[in-house]
Structures are given as C-alpha cells and as structure tokens.
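# Working through the structure, step by step
Spelled out, the chains give:
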Amino acid sequence: MAINPKVLNDGENVVISTRTHAKALLVPFFLLLVILALAILADTTFAGGVVAWVVWVAAAVLALWFCLRPLLEWLTSTYTITDRRLITRTGILTRRGHDIPLARISDVAYERDIIDRMLGCGTLIVSDASTNGRVLLHDIPQVEDAQRRLNDLLHHRDGRSAHDGT
C-alpha cells in the first residue's frame, strides 16, 4: 500500500500510509453471497438451458459491478501523511489525487460511530485553508492514532515542542 516514491520530494518522509478500513468490503462481500445464492437458485429452478445462461451472465455482471469494482477501488485508494503534506490518491482508471501541505492544515478531528468503534476505524476530518474548507477521510484504521500523529507533525512544524505547553 506504499505510495510511489516518485510522488515524494527529496527528503520527504512517510509518517502514515494507509487505505480505507476493510469494513468497506463487507457490503460487497454480502452482496456477492446474495448474487451467488440467487444465481444458484435460478439455475436449479430452470435446470440448465438458455435461461440458466442468462442468469449466470447477469450474476457475473452484477458481481463485477457491485463486488469487484469496490474491491479494486479499495485496493487503489491510499491516504499518506508525510512530514510535509497529506496525500490522497483514488481511482481505478481515472486517478485522482489531492495534496494538502501541512502548513495549510488548521485543524484535525475525528468521528467514530458505534460500528467504527467496534471495528477500530473512523473518519479523519482535516480542515485546511482552501476554498473547500475540509477534507473527510472515511474509515481510517486507528483514526485516533492518525489524528494524534498528524497533530504532532503540525505542532512540531510550528516550531514548538510537544512538551513545552504552548
């Protein structure tokens, strides 16, 4: 899941490199089970023939769209925090990237609902000085640790020690 080293500047170090928590794959997994169960049921009901082939082709298309596509999106999306910036990369065919220099980040917070707390993930909310105002990074594993480490980076970047009380 490491970011391509060509993206990093000279002397830039990766602090956190992660992707969305695997909980993003739970719904596609259960959909795959339902699609397969329905296809098997239809196959046994129609006992072969053209209808069974149509059912299996439809099941394959549904599985590709609702199961394989989310898996590929999960595999190709990364969130990286370096000692200089926050880097997001998403997309399968069309890659999208967003970089926020640490100097532009004004606040870092997180949200965790009950399921997030059970699974150990949450949404990291990064407020910056851009026109968008804030960036939501959904389902970040160990979101509290990520927030703490990003705050430490911001604090040290301002030239203050984490222990000097300022």
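Provided above is the structure to which this section pertains.
A few points on the structure. (Residues numbered from 1 in each chain as written. Predicted model: local features only at pLDDT ≥ 70, side-chain atom pairs only at ≥ 80, totals over all residues. Heavy atoms only, no water.)

## Details of the layout of surface pockets
What counts here: With a 1 Å grid spanning the protein atoms alone, the term cavity applies to any set of points in which a 1.4 Å probe fits but cannot get out, the term pocket to an open set with protein on both sides within 12 Å along at least five of seven lines, and the term lining residue to any residue with an atom within 4 Å of a point. Grid points are joined across faces, edges and corners, and a volume is the space filled by probe spheres set on the points. Secondary structure follows DSSP: runs of H or I at least 4 residues long count as helices, runs of E at least 2 residues long count as strands, and numbering of each begins at the N terminus.
In this structure, the largest pocket encloses a volume near 210 Å³. Taken together, 13 residues form the lining of the largest pocket, with Y79, T90, L136, L137 and H138 sitting closest to its centre. Broken down by secondary-structure element, the contributors of at least two residues to the lining of the largest pocket are strand 3 (85-90), strand 4 (96-101) and strand 7 (134-141). By residue number, the principal contributor to the lining of the largest pocket is strand 7, which donates four residues.

## Remarks on helix 2 (residues 49-76)
Formally: Expected span of a helix, by definition, is 1.5 Å for each gap between consecutive residues, and there is one gap fewer than residues. The angle between axes fitted to the seven-residue stretch ending at a residue and the seven-residue stretch beginning at it gives the bend at that residue. For every residue, the accessible area (1.4 Å probe, protein chains only) is compared with the maximum for its type, and the residue is labelled buried under 20%, exposed over 50%, or partly exposed between those bounds. Should any heavy atoms of two residues lie within 4.5 Å, those residues are considered in contact.
End to end, helix 2 covers 39 Å across 28 residues, agreeing with the expected 40 Å (1.5 Å per residue, within 8%). Where helix 2 bends most, the angle comes to about 35 degrees, and this point is L64. Taken as a whole, helix 2 has its buried residues at A52, V55, A59, A63, C67, P70 and W74. Turning to helix 2, the residues buried within the fold contact helix 1 (26-46).

## Observations regarding the sheet that holds strand 2 (residues 78-82)
To summarise the sheet geometry, strands pair through backbone hydrogen bonds and adopt either a parallel or an antiparallel arrangement. Basically, it comes down to this: For two strands to pair, DSSP has to find at least two bridges joining them. Between the N-to-C directions of two axes lies an angle of 0 to 180 degrees, each axis being a line fitted to C-alpha atoms and, for a helix, fitted only over the stretch in contact.
The four strands are arranged 1-2-3-4 in an open sheet whose pairing can be described as antiparallel. Looking along the sheet, the strands with just one partner apiece sit at the ends: strand 1 (14-18) and strand 4. Strand-to-strand, the axes of this sheet are offset by a mean angle of 10 degrees, without reference to chain direction. Both strand 1 and strand 2 contribute to a ladder of four bridges, which runs antiparallel. Within strand 2, the residue paired with I16 across the bridge is I81.

## Structural notes on helix 1
For clarity, the threshold we go by: Think of the arc as the fan of directions from the helix axis to the C-beta atoms.
Over its 21 residues, helix 1 extends 30 Å from the first C-alpha to the last, a length consistent with the 30 Å expected when each residue adds 1.5 Å. Among the residues of helix 1, P28, I35, A39 and A42 are the ones counted as buried. The buried residues of helix 1 all sit within an arc of 65 degrees when viewed along its axis, so they share a single face. The outward face of helix 1, more than 90 degrees from its buried face, is lined by the exposed residues L41, T44 and T45. Against helix 2 lie the buried residues of helix 1. Where helix 1 terminates, the next one or two residues include A47, which has phi positive at roughly 45 degrees.

By themselves, these figures tell us nothing about what the structure is for.
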